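Geometric and topological summary
Here are the chains, one letter per residue:
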Amino acid sequence: MLIATVEDVFNMLEPNSDCRIIIRDQNIKKLSVGHWYEDKILDYADCDVSSFTWQNDNKIFIDIEL
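Worth saying up front: this structure is predicted, and the values here are computed from it rather than measured. (Residues numbered from 1 in each chain as written. Predicted model: local features only at pLDDT ≥ 70, side-chain atom pairs only at ≥ 80, totals over all residues. Heavy atoms only, no water.)

**Considerations on the pairing of strand β2 (residues 20-24)**
For β2, the tally of buried residues reaches four of five residues, placing the bulk of the element in the interior. Judged from the five bridges that link them, β2 and strand β5 (residues 59-64) form a sheet pairing that is parallel. Considered in β5, the bridge of Ile23 is made with Ile62. Pairing geometry for β2 and strand β3 (residues 30-34), over four bridges, is antiparallel. Bridge pairing in β3 links Ile22 to Val33. Counting the residues between successive antiparallel strands, the hairpin from β2 to β3 contains five residues, one of them, Ile28, with a positive phi of roughly 65 degrees. (Buried < 20%, exposed > 50% of the residue type's maximum accessible area, 1.4 Å probe, protein only. Helix = DSSP H or I, 4+ residues; strand = E, 2+ residues; numbered from the N terminus. Pairing = 2+ DSSP bridges.)

Right, dumping it as structure tokens:
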């Protein structure tokens, strides 16, 4: 199993400034919503990612392990 952080996902996908990031916990509860450069998203940069999904409508859902 590959362990990645939220920052690793950003580096891999390189979201643009219009992309919305949705950070969720293991129960799919939204923890934060915003753009990759906002503090409320960057607060989770070091968290381990359990999965992520990119949608064509310029959204990335990142599920983290707490």
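**Quick word on the environment of Asp63**
Mapping Asp63 onto the fold places it in strand β5. What makes Asp63 buried here is its relative accessible area of 8%. Spatially, the C-alpha atoms of Asp63 and Asp25 are 5.5 Å apart, while their sequence positions differ by 38 residues. The residues touching Asp63, leaving out its near neighbours within four places in the chain, are Arg24, Ile28, Asp48, Val49, Ser50 and Ser51. (Contact = heavy atoms within 4.5 Å.)

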